[in-house]
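# Commentary on secondary and tertiary structure
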Amino acid sequence: MRREFQWGRLVAGLVLMTTAVVYFGDAGDAWDAPWFVGIPLVCGGLCLAAVVGMVRRMTGLRSRGAAPDPAGSRPKAGLN
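Residues numbered from 1 in each chain as written. Predicted model: local features only at pLDDT ≥ 70, side-chain atom pairs only at ≥ 80, totals over all residues. Heavy atoms only, no water.

## A word on helix 2 (residues 38–59)
What counts is decided by this rule: Working definition: helices are DSSP H or I runs of at least four residues, strands are E runs of at least two. Numbering for both runs from the N terminus. In this scheme, a helix's expected span is set at 1.5 Å multiplied by one less than its residue total. Type-normalised accessible area, obtained with a 1.4 Å probe on protein chains alone, sets the label of each residue: buried when under 20%, exposed when over 50%, and partly exposed for intermediate values. Of all possible arcs, the one meant is that of the directions from the helix axis to the C-beta atoms. Here a residue-residue contact requires only that any non-hydrogen atoms of the pair lie within 4.5 Å.
Between its terminal C-alpha atoms helix 2 stretches 31 Å, which fits the 32 Å expected from 22 residues at 1.5 Å a residue. Considered for burial, the residues of helix 2 that qualify are Gly38, Gly45, Ala49 and Arg56. On an axial view of helix 2, the arc spanned by its buried residues comes to 40°, and they lie on one face. In helix 2, the exposed positions angled more than 90 degrees off the buried face are occupied by Pro40, Cys47, Met54 and Met58. Close packing links the buried residues of helix 2 with helix 1 (7–27). Residue Gly60 follows helix 2 closely and has a positive phi angle near 75°.

## Here we look at the pattern of salt bridges
When their charged atoms lie close together, side chains carrying opposite charge are able to pair. Which entries qualify depends on this criterion: The working definition used for a salt bridge is a side-chain nitrogen of Lys or Arg within 4 Å of a carboxyl oxygen of Asp or Glu.
Counted by the stated rule, this structure contains 1 salt bridge. When the shortest N-O distance is used, the salt bridge between Arg56 and Glu4 registers 3.3 Å. Note that Arg56 is positioned in helix 2 and Glu4 in the segment before helix 1, a separation of 52 residues in sequence. Look at Glu4 and you get partly exposed, because its relative accessible area is 35%.

Dropping the structure here:
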């Protein structure tokens, strides 16, 4: 079973990895990053990921090979 690719999770992962790289660079004395730099990175990145996910869901884009769900294929409530 294949799942649909989720762009919002990709954006969130990239932003969190970027934040980790910033702090690892600071810990390794490659550069000096203030302690509060992670807050806007994480909050802004998660907001961006939410917007990307909502836009993806609203546009109804589907990955290749995924067929749209026909209206008649959903089970009706109360007919278990």
